[in-house]
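The residues making up each chain are set out below.
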Amino acid sequence: MVLMLLLAIDMWGNSPAAIISGGIKGVVKSKEEKAALEYTTISLYNETDSTLLTGTISDVNGSFELKKVKKGSYYVVIDFIGFEAQTISNIKVENQEVNLGTVWLNSASANLEEVTVVSKQPRVDYKIDKKVIAVSKEFTSASMSAVEVLENVPSIRVDIEGNVSLRGNQGFTVLIDGKPSILDANDVLRQMPASNIQNIEIITNPSVKYNPDGTAGIINLITKKNALQGFNGLVNVNYGRFNQMGGDFLLNYKENKVNYFVGGQYVEKIFPGVMTSDRRYEESGSVVNISSDGEMERRRTKQSVNTGFSWDASPKDSWSIELEGGKFAFNAQSTLDYYTEREGDGANDLATNESGRSANFFNASTVYQHLFDQQKHELIFQANYGLRDGDEYAQNLLENVGSGLTTGSYSTEKGPSYNLDLKLDYTKPIGIKGFIEAGVQYREDESVDETALYDYDAQNDDFTLLTEFNNRVDYQNVIYSTYALYKGAYGLFGYQAGLRGEYFEREIKGTETFNLSNFDYFPTLHLSYQLFEKQQLMLSYSKRIDRPRGYMFEPFVTRMDMFNVRKGNPDLENEYIDAFEAGYVYKNNKSQFSLESYYRIKHNKIERVRSVYTDGDILMSFENVGTDYALGVESMFSHSLTPWWEFSLTGDLFSYRIEGVKNNQSFETNSLNWTGRTSQTWYLGKTTKLQIDYRYDSPTVTSQGRTLSSWSINGALKSDFFNRKLSATLQVRDIFASGRHVSIIDDAGLYHYQEFSPNAPFVNFSLSYRINNYKQKRGAKNEGNDGGEEL
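Just so it is clear, the structure is predicted and the values come from calculations on it, not from any experiment. (Residues numbered from 1 in each chain as written. Predicted model: local features only at pLDDT ≥ 70, side-chain atom pairs only at ≥ 80, totals over all residues. Heavy atoms only, no water.)

1. Considering the overall build of the protein
Phase 1: A count of helices and strands for the protein gives 3 helices and 46 strands.
Phase 2: Within the span of the protein, comprising 791 residues, buried residues form 54% of the whole.
Phase 3: Taking as baseline every contact in the protein between residues at least 6 positions apart, the subset at least 24 positions apart corresponds to 66%. (Helix = DSSP H or I, 4+ residues; strand = E, 2+ residues; numbered from the N terminus. Buried < 20%, exposed > 50% of the residue type's maximum accessible area, 1.4 Å probe, protein only. Contact = heavy atoms within 4.5 Å.)

Structural data, given as structure tokens:
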């Protein structure tokens, strides 16, 4: 049936009725990089009175087309931020299509005495369907990870444990070049060095072409690729305070139709600080207070290598393979002084805690693309495979002052996992400006978790296995998907509508077996309107899903460490979200302004609910607590005040409300939240730049409590040497040591205050060397950037 539909579409799209004469077309490219410029604005004016008649934007190939242009004389203005606008006059349109050929744009540059400023690309660029963060502009995060880069985005927050949330929601999906990873979303962000990333795309209302997983949307990391022939490469090294260090390299050889690359990275990041905690609960009718404070250190390490090649087998066929393997680890160590008070009696203890999580991993992907005779008519097949083993542990030792080591525990959780993702996408132009896209997808993942707990035996000075806490659970998920969407334009109005269907199967085998299967559908709608030259309105809607992780269903108690246990909930339901967005964008060569409003409703909201277990231990369980609502406005303004001074200001203001049932009682809580980011960059000569960033996150609420406000200031100085082949960056993060994280639980029978204050500032020095004038690609196909939604 699908094949018959596509055949009918193909016949209609090539029929005489679908061909209308009279128009203007062309291709826009960067003169410096010889690369296509996507999202270039093309505006058509009447040559007689300079009236703006219509407009469009270029696609991922730099191509543009203005249809249904009446007979007459016109001129077009072709403009892209960071480049000099070009006007083409005296365009005569008769009953034929005028081909302007390739239009070359020069990078915008201004010479002020000896100061040279080039390519004024904004740090955060708002496009039709996404925000694009230019990582090269974020040199205050040059030696850090994707997490530190994202902290400069107003809709992003990072909590006390380093977890990222997008508009107050941690249910997002992370892609690398448009492909899924075997690693957890937050693990990917923590482990990906900023020096490996070209752009970060934040897609809060993705189309049906993307998987619907993640109620907050998608964060897509676009890694650096090469655009030059011959041998070239890029090498980065960095070293900083607390022995933070890292390095990575990417070597590339491109000859005619074949491109080979090999790369590797080593990362070791250490974040020491002070941890303070205050816990209060009731036990047998009396109040127990447990307070602690001391040193804590978090450490992240990663070693990996990656390689691959791409081959243009013919003018219409291309094929690529990428492989990556390595090991990552997260470790945390703390030495805390505890004071416990029960009914007026107090006791002092010293707790030594150590926990870790590590895995060896392997990822493989291949992409095949076939182009048909008609422009933008294509078929793409993509396969991704990931494999990893998992090994987690936690050791807690409690020493009573004056009595020596009294209690302790050692817990482990390990097991392998793998995933497979097969995807086929088809795109077909229809009529004048229309496109139909359709696809099918198969996803499968399996994992095994084996847990064990050992208790310290003071008499034998050894750990004894507690067999009642031994568990093994096998998980398997399978998802079958299909989607179709249509997009087109009518004059200055662009539109896109799509529908995705998914059939989901899950099996969990442990002490009991749980099976779940269901079918879901996910509609999306995107609209745009070109108001005037360089101004655009956008409106979108999407429905998304966040399926609970396997361990959230486990009906038994798993001891995570000596003070915390976890128990799943077999009755958990999927989270669903309805997301509405409306936006306005204005751009010119010196400024960019965007205003985006959003309204989000999340159904069956899943929260980690904490309560007292036994002897002061905290039990973490999972509940569908109800519904949450977020209504907000996000704004961004960037401007080149002078040829040597850039300024940007971003902010997010939203009202957040949760209502539902928790602990068998109805509840409702709300807060007004806001975040602010400001950045200033000064060009101090031909090759030197200074950047200062300020970040503020307001307090916010959770179903059981709240988090307090946080702010920090970062600075960096960057210089280029040897004709920009070598770059040196000195960065200082959290200059005033103000970036503390505080979370508070204040619920029935439990109060828990927790604060982590890093030993800031963090000082780091990095070097980057380009071999044979290495340059990154612009708008390359099959690197995970599909060019955004073309409306």
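2. Here's the deal with the nonpolar core
Phase 1: By size, the foremost hydrophobic cluster in this structure holds 25 residues, and its most contacted members are Leu-189, Ile-200 and Leu-221.
Phase 2: Elements with a contribution of two residues or more to this core: helix H2 (146-150), strand S13 (156-158), strand S14 (164-166), strand S15 (172-176), helix H3 (185-191), strand S16 (197-203) and strand S17 (217-223).
Phase 3: Here this core takes 4 residues from H2, the largest share from any one element.
Phase 4: Sequence-distant contacts of Leu-221, that is, excluding residues within four places in its chain, are made with Ala-146, Val-174, Leu-175, Ile-176, Asp-177, Val-188, Leu-189, Met-192, Asn-199 and Ile-200. (Core = buried A, V, L, I, M, F, W, Y, C linked by side-chain atoms within 4.5 Å.)

3. So, the pattern of salt bridges
Phase 1: Within this structure, the stated rule accounts for 28 salt bridges.
Phase 2: With its nearest N and O atoms 3.0 Å apart, the salt bridge here joins Asp-474 to Arg-472.
Phase 3: By sharing partners, the salt bridges in this structure join Asp-213, Arg-443, Arg-500, Glu-502 and Arg-547 into a single network. (Salt bridge = Lys/Arg side-chain N within 4 Å of Asp/Glu carboxyl O.)

4. Overview of the packing of aromatic side chains
Here the distance between the centres and the angle between the planes together describe a pair of aromatic rings.
Phase 1: Applying the stated criterion across every chain, the model contains 24 aromatic pairs.
Phase 2: Seen from their ring centres, Trp-674 and Tyr-696 are 4.6 Å apart, and the 35° between their planes marks the pair as tilted. Highlighted residues: Trp-674 in strand S38 (residues 665-683) and Tyr-696 in strand S39 (residues 688-697), separated in sequence by 22 residues.
Phase 3: By relative accessible area, which is 17% here, Tyr-696 ends up buried.
Phase 4: Grouped by ring-pair contacts, the aromatic residues Tyr-393, Tyr-410, Tyr-454, Tyr-456 and Phe-463 constitute a single cluster.
Phase 5: In this arrangement the basic side chain of Arg-298 is found over the ring face of Phe-756, its NZ or CZ atom lying 4.9 Å from the centre.
Phase 6: Over the ring of Phe-504 we find Arg-547; its NZ or CZ atom is 4.6 Å from the centre of that ring. (Phe/Tyr/Trp six-rings, centres within 6.5 Å; stacked < 30°, edge-to-face > 60°. Lys NZ or Arg CZ within 6 Å of the ring centre and 35° of its normal.)

5. Quick notes on the pairing of strand S36 (residues 618-642)
Phase 1: Pairing of strand S33 (residues 564-567) with S36 involves 3 bridges; the strand directions are parallel. Counted as the bridge partner of Asn-564 is Ile-618 from S36.
Phase 2: Bridge count for strand S35 (residues 591-612) against S36 is 20 bridges, and the pairing is antiparallel. Following the sheet pairing, Tyr-598 is matched in S36 by Gly-632.
Phase 3: Alignment of S36 against strand S37 (residues 645-662), held across 16 bridges, turns out to be antiparallel. Across the sheet, residue Thr-627 finds its bridge partner in S37, namely Glu-659.
Phase 4: Between S36 and S37, which follow one another and run antiparallel, lie 2 residues. (Pairing = 2+ DSSP bridges.)

6. Points about a nonpolar patch on the surface
Phase 1: Where nonpolar side chains cluster on the molecular surface, the patch consists of Val-237, Leu-684, Leu-717, Leu-730, Val-763, Phe-765 and Leu-767 and spans about 560 Å² of accessible area.
Phase 2: Structurally, Val-237 is set in strand S18 (residues 230-240). (Patch = residues over 30% accessible without salt bridge, like charges linked within 9 Å, V, L, I, M, F, W, Y side chains within 5 Å. Areas by Shrake-Rupley, 256 points an atom, 1.4 Å probe, with all protein chains shown as cover.)

7. Considering the environment of Arg-740
Phase 1: Tracing the backbone shows Arg-740 in the loop between strand S43 (726-733) and strand S44 (741-747).
Phase 2: Taking the C-alpha atoms as reference points, Arg-740 and Asn-759, separated by 19 residues in sequence, lie 9.7 Å from one another.
Phase 3: Residue contacts for Arg-740: discarding those within four places in its chain leaves Leu-708, Ser-710, Tyr-753, Glu-755, Phe-756, Ser-757 and Pro-758.

8. Some points on the side chain of Ser-320
Phase 1: Turning to its location among the elements, Ser-320 is positioned in strand S22 (residues 317-342).
Phase 2: Its relative accessible area of 15% is what places Ser-320 among the buried residues.

9. Points about unusual backbone geometry
Phase 1: Omega for the peptide link from Ala-760 to Pro-761 comes to 5°, which places this bond in the cis form.
Phase 2: By the secondary structure assignment, Pro-761 is in the loop between strand S45 (750-758) and strand S46 (762-771).
Phase 3: Phi at Lys-376 takes a positive value of approximately 70°, unusual for a residue other than glycine.
Phase 4: Mapped onto the elements, Lys-376 comes out in the loop between strand S23 (345-371) and strand S24 (378-400).
Phase 5: The backbone of Phe-722 shows a phi angle near 50°, a positive value even though the residue is not glycine.
Phase 6: The exposed category is assigned to Phe-722, whose relative accessible area is 62%.

10. Looking at the sheet that holds strand S4 (residues 52-57)
Adjacent strands of a sheet pair through backbone hydrogen bonds, lying either parallel or antiparallel.
Phase 1: Spatially, S4-S3-S6-S7 is the arrangement adopted by the 4 strands of the open sheet, whose pairing is antiparallel. Lying at the two open borders of the sheet, with one neighbouring strand each, are S4 and strand S7 (86-93). Within this sheet the neighbouring strands show an average axis-to-axis angle of 25°, counted without direction.
Phase 2: Sheet analysis places strand S3 (residues 41-46) next to S4, joined by 5 bridges and oriented antiparallel. Opposite Tyr-45, over in S4, you have Leu-52 as the bridge partner. (Axes fitted to C-alpha atoms, helices over the stretch in contact; angles between N-to-C directions.)

11. With respect to the confidence of the model for the protein
Close inspection of predicted coordinates is inappropriate in any region flagged by low pLDDT.
Phase 1: Per-residue confidence for the protein gives a mean pLDDT of 83, with 89% of residues at or over 70.
Phase 2: Predicted confidence is poor over residues 778-791, with pLDDT under 50, and the contacts of this stretch with residues over four places away or in other chains come to 61 contacts. (pLDDT = per-residue confidence, 0-100.)

12. Quick word on the environment of Glu-554
Phase 1: Turning to its location among the elements, Glu-554 is positioned in the loop between strand S31 (535-546) and strand S32 (557-559).
Phase 2: Given a relative accessible area of 4%, Glu-554 falls into the buried group.
Phase 3: Residues Glu-554 and Ser-621, 67 residues apart in the sequence, show an inter-C-alpha distance of 9.9 Å.
Phase 4: Ignoring any residue separated from it by four or fewer positions in sequence, one finds Glu-554 in contact with Asp-449, Val-473, Tyr-475, Arg-566, Lys-567, Gly-568 and Asn-569.
Phase 5: Within polar-contact distance, the side chain of Glu-554 engages the side chain of Tyr-475 at 2.2 Å. (Polar contact = N/O pair within 3.5 Å; in protein donor to acceptor, adjacent residues only side chain to side chain.)

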